[in-house]
Structures are given as C-alpha cells and as structure tokens.
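# Analysis of the macromolecular model
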Amino acid sequence: MTKSTAFTKAHGAAQLAYAAVGAVLIAVCSWISIPAAVPFTLQTFAVFFVLSLLGGKLGTLSILVYILLGAAGIPVFAGFSAGLGVLLGSTGGYIAGFLILGLLYWALTRSGRTSLWFRVFVMILGLAAVYAFGTIWFAVVYLQSNAAVSIPSVLTWCVLPFIIPDLIKMVLAVILARRIAPALRLR
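Residues numbered from 1 in each chain as written. Predicted model: local features only at pLDDT ≥ 70, side-chain atom pairs only at ≥ 80, totals over all residues. Heavy atoms only, no water.

## Considerations on the overall build of the protein chain
Of the regular secondary structure elements, the protein chain holds seven helices and two strands. Along the protein chain, helices (α) and strands (β) appear in the sequence α-β-β-α-α-α-α-α-α when read from the amino end. Expected size for 187 residues packed as a compact globule is a radius of gyration near 16 Å; at 17 Å, the protein chain falls within 12% of this value. Oriented by its inertia axes, the alpha-carbon framework of the protein chain measures out at about 65 × 35 × 25 Å. Residue pairs at least 24 apart in sequence account for 66% of intrachain contacts in the protein chain once pairs closer than 6 positions are excluded. Entry remark: accessible area of the protein chain is about 9900 Å², with carbon and sulfur atoms responsible for 74%. (Helix = DSSP H or I, 4+ residues; strand = E, 2+ residues; numbered from the N terminus. Rg over C-alpha atoms; globule rule 2.2 N^0.38 Å. Contact = heavy atoms within 4.5 Å. Areas by Shrake-Rupley, 256 points an atom, 1.4 Å probe, with all protein chains shown as cover.)

## Some thoughts on the packing of helix H5 (residues 116-145) against helix H6 (residues 151-158)
Look at H5 against H6: their axes get within 10 Å of each other, and the N-to-C directions meet at 115°. Remark: the crossing between H5 and H6 carries right-handed chirality. Each of Thr135, Phe138, Ala139 and Tyr142 in H5 lies in contact with H6, whose residues at this interface are Val154, Leu155, Trp157 and Cys158. Looking at the contact of H5 with H6, its residues break down into seven nonpolar, one polar and no charged. (Axes fitted to C-alpha atoms, helices over the stretch in contact; angles between N-to-C directions. Left-handed = near helix turned anticlockwise from the far one by under 90°. Nonpolar A, V, L, I, M, F, W, Y, C, P; charged D, E, K, R; others polar.)

## Examining the environment of Phe98
Position of Phe98 relative to the elements: it lies in helix H4 (residues 92-109). Here the alpha-carbon distance between Phe98 and Thr60, two residues 38 residues apart in the chain, equals 8.6 Å. Each residue touching Phe98, except ones within four places of it in the same chain, is listed here: Gln43, Thr44, Val47, Ile63 and Val130.

## Quick word on the side chain of Thr44
Along the polypeptide, Thr44 turns up in helix H2 (residues 43-71). Beyond its immediate sequence surroundings of up to four residues, Thr44 is in contact with Phe98, Asp166 and Lys169.

## Thoughts on the packing of H4 against H5
The geometry of H4 relative to H5 is characterised by a closest axis approach of 8 Å and an angle of 150° between their N-to-C directions. When the axes of H4 and H5 are compared, the pair comes out roughly antiparallel. For the pair H4 and H5, the crossing hand works out as right-handed. Across the contact of H4 with H5, the residue classes tally to 19 nonpolar, seven polar and one charged. (Parallel < 35°, antiparallel > 145°, perpendicular 65-115°, else oblique.)

This is the structure we're talking about:
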C-alpha cells in the first residue's frame, strides 16, 4: 500500500466517523424535547450544526444515517421513539424534510460559493423545504384519521410557532460550527 493510499483510507475512515458522530448528535438533540403536536426539539439545531460543521456531503450522510437508525427501530427520534410508524406518522414528513434540507445544502454549496451568508441563505431555503414537505405530510396523515382541517390551522400548529426558534437555532449552530471547525481541521 502506498503512502497516499493509506492517507486516503485513513481520511475516508475519519470522514465516516465524523458522519456517524453527526448522526448521534442529531439523535441526542432530538431527545431534548418539549411535547406538542409537532414537538419542539433541538433536532433542527443539530441538523444545522452538522451541515455547517461537516459540509453538505458528510452532513447529509449524517442525516441519512440518523433516519435509517430510526427506521431500523433504534429510538433516535423525539421522545425516544423509533420505527417506520414514526416516519409514516404525522411528524415523519419533517424528519424526511431534514434529508431534503441536507441534499439542497449539499447541491447548492458544491458550486464553490461557500460564503457564510450564502450558506445561511441555503439553510433558510432548506428550512422552508422542511416546513413545506413536513406540513403537507402532516395534513395528509391528519386527514386520514381526523376531520378536515384548514391550511391556516395546520400552519398554526406546525410552522408558525417554530419559525423564530428554528432561526435562532440556525444562527447558534452556524456560530458554534465556525468556532469548532478549526480545532477539528474541517475547514
């Protein structure tokens, strides 16, 4: 094995380890929860932090691993829940929306535009995608087992209470990631 091949393998293993730690961080932050129709958690903070710290590719891999762990029955979701029932339930669209956010972040930051403001703008677009996908999913699941509900009601339950807290979590995640990244030699 050549020296560069050994370095590449070690670097790849380190990246996978970072992605795994990112998935664990998302899980731990999802457990910090205030129960509601759509629970308030630190999950979005962790998603923003992992994307900011690890970048689009590894951050998205962390999100995917987190979702797959939960789908496999490991209690990584809010309230220590797990399984396909959670993903197919009323809040599952928000969890899937995190993957959309990650993919969007990865796709738009690959272009080389990596300024802080551009990355924050992409995260805001991704958060809007999470809200859109999750809210549509919530409404569809809710309508299957309950009476009709208006769009303003669903937005009041699922989006409006979360906008300001999610933006605050985003800012804190970006600031923290910028301070930690040099120590990990990620940027």
